[in-house]
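# A structural walkthrough
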Amino acid sequence: MFLGHYAVALAAKKVAPQTSLGTLFVAVQLVDHLWPILLLFGLEQASIEPGITVVTPLNFISYPYSHSLLAAIVYSAVFAVIYFGVSSYRRGAGVIALAVLSHWILDFLTHRPDLPIGFGDAKLGLGLWNSLEATVITEGLLFLTGIVVYLRATRSRNWKGFVGFWSLIVVLAGIYYANLFGPPPPSVLAVAIAGNAGWLFVLWAFWADRNRQFLTKEVPTN
Ligand SMILES: [Zn+2]
């Protein structure tokens, strides 16, 4: 899943308005930010096998450090505690904990049964990726919902808030389209390097979000 993760971050802004969309982007994609680095260091393994699912040619051979349920729970707790320590924003910390966990839940929906529970052999996945139509409809609806919730909760302060937000949305949708209908990646190394582009979207989201303001008068503080 790709757009669906970002949809969670966009919608989460309504619940934790003082948390930047950039931080929420880190939370929902934390697991996918770690994965390319672990791939590069050879700690996790993947291969490219066109046809292994209809949607993605990636075979996730082993990735318990980034993608096990156990790891997701640990990252969720660690990120939430660090965030609370820095911001003292309890509501934001709670939302971040759930946002980090949401990655595993959405991946569970989309992946074939390759998602580890812990470091053993037990693996789960409902396999939404076996249907292109179901994947596009599910992710598209999630993304649209996230956009609508975010836009109803915030307003541009200036042109940067407008252009920054919409350019981010268009680029994310464009990358999703290219991944779905473009050729398979040339190598796992290319996947691992390109995977780090997620940090660019984080910076982009920080910038766009800074130039928008939350619309509700009474901003929840706890
Ligand atoms: Zn993932």
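Described in the following lines is the structure provided in the data block. (Residues numbered from 1 in each chain as written. Predicted model: local features only at pLDDT ≥ 70, side-chain atom pairs only at ≥ 80, totals over all residues. Heavy atoms only, no water.)

### Brief notes about the coordination of the zinc ion
- For the zinc ion, the full set of protein donor atoms is Asp32 (OD), His67 (NE2), His103 (NE2) and Asp107 (OD), and the range of their distances to it is 2.1 to 2.3 Å.
- The coordination sphere of the zinc ion comprises four donor atoms, whose angles at the metal cover 81 to 168 degrees; the geometry is irregular.
- For His103, a relative accessible area of 0% gives the class buried. (Donors = N, O, S within 2.8 Å, 3.2 Å for Na, K, Ca; no water. Tetrahedral: all angles 85-135°; square planar, octahedral: opposite > 155°, others 65-115°. Buried < 20%, exposed > 50% of the residue type's maximum accessible area, 1.4 Å probe, protein only.)

### Here we look at the side chain of Thr23
- Within the secondary structure, Thr23 sits in helix H2 (residues 21-40).
- The exposure class of Thr23 is buried, given its relative accessible area of 12%. (Helix = DSSP H or I, 4+ residues; strand = E, 2+ residues; numbered from the N terminus.)

### Overview of the packing of helix H4 (residues 69-87) against helix H5 (residues 90-110)
- Two elements in contact, H4 and H5, have axes whose closest approach is 8 Å; the angle formed by their N-to-C orientations is 160 degrees. By the angle between their directions, the pair H4 and H5 is classed as roughly antiparallel. Where H4 crosses over H5, the handedness of that crossing is right-handed. Residues Leu69, Ala72, Ile73, Tyr75, Ser76, Phe79, Ala80, Tyr83 and Phe84 of H4 touch H5, and the partners they reach there are Arg90, Gly92, Ala93, Ile96, Ala97, Val100, Leu101 and Trp104.
- Of the residues that constitute the contact of H4 with H5, the class distribution is 14 nonpolar, two polar and one charged. (Axes fitted to C-alpha atoms, helices over the stretch in contact; angles between N-to-C directions. Parallel < 35°, antiparallel > 145°, perpendicular 65-115°, else oblique. Left-handed = near helix turned anticlockwise from the far one by under 90°. Contact = heavy atoms within 4.5 Å. Nonpolar A, V, L, I, M, F, W, Y, C, P; charged D, E, K, R; others polar.)

### Points about the environment of Thr216
- With respect to the helices and strands, the residue Thr216 is situated in the segment after strand S6 (212-214).
- Considering only alpha carbons, one finds Thr216 and Gly174, 42 residues apart in sequence, at a separation of 31 Å.

### Re the packing of aromatic side chains
- Here the structure, examined in full by the defined rule, presents twelve aromatic pairs.
- Centroid distance Phe60 to Tyr63: 5.1 Å. Interplanar angle 15 degrees. Geometry classified as stacked. This pair shows no difference in class: Phe60 is buried, exactly as Tyr63 is.
- Between Trp104 and Phe108, the aromatic rings sit 5.6 Å apart at their centres with planes inclined by 5 degrees, giving stacked as the arrangement. (Phe/Tyr/Trp six-rings, centres within 6.5 Å; stacked < 30°, edge-to-face > 60°.)

### Quick notes on the pattern of salt bridges
- Under the criterion given, the structure shown has one salt bridge.
- Ionic pairing is found between Asp209 and Lys13, a salt bridge with its closest N-O pair at 2.8 Å. Taken together, the residues span a long stretch of sequence, with Asp209 in helix H9 (residues 198-210) and Lys13 in helix H1 (residues 3-15) at a distance of 196 residues. (Salt bridge = Lys/Arg side-chain N within 4 Å of Asp/Glu carboxyl O.)

### Considering the nonpolar core
- Membership of the largest hydrophobic core comes to 47 residues, with the highest contact counts inside it found for Leu10, Phe25, Trp35, Phe143 and Leu172.
- Among the elements that take part in this core, H2 stands out by supplying nine residues, more than any other.
- Those residues in contact with Leu10, other than ones at most four positions away along the chain, are Leu21, Phe143, Gly146, Ile147, Tyr150, Phe165 and Ile169. (Core = buried A, V, L, I, M, F, W, Y, C linked by side-chain atoms within 4.5 Å.)

### What to know about the packing of H2 against H9
- The N-to-C vectors of H2 and H9 enclose an angle of 165 degrees; their axes lie 8 Å apart at closest approach. Judged by the angle between their axes, H2 and H9 are roughly antiparallel. Judged by the sense of rotation from one axis to the other, the crossing of H2 with H9 is right-handed. For the pair H2 and H9, the contacting residues are Leu21, Gly22, Thr23, Phe25, Val26 and His33 in the first and Gly198, Trp199, Phe201, Val202, Ala205, Phe206 and Asp209 in the second.
- Of the residues belonging to the contact of H2 with H9, the class tally is eight nonpolar, four polar and one charged.

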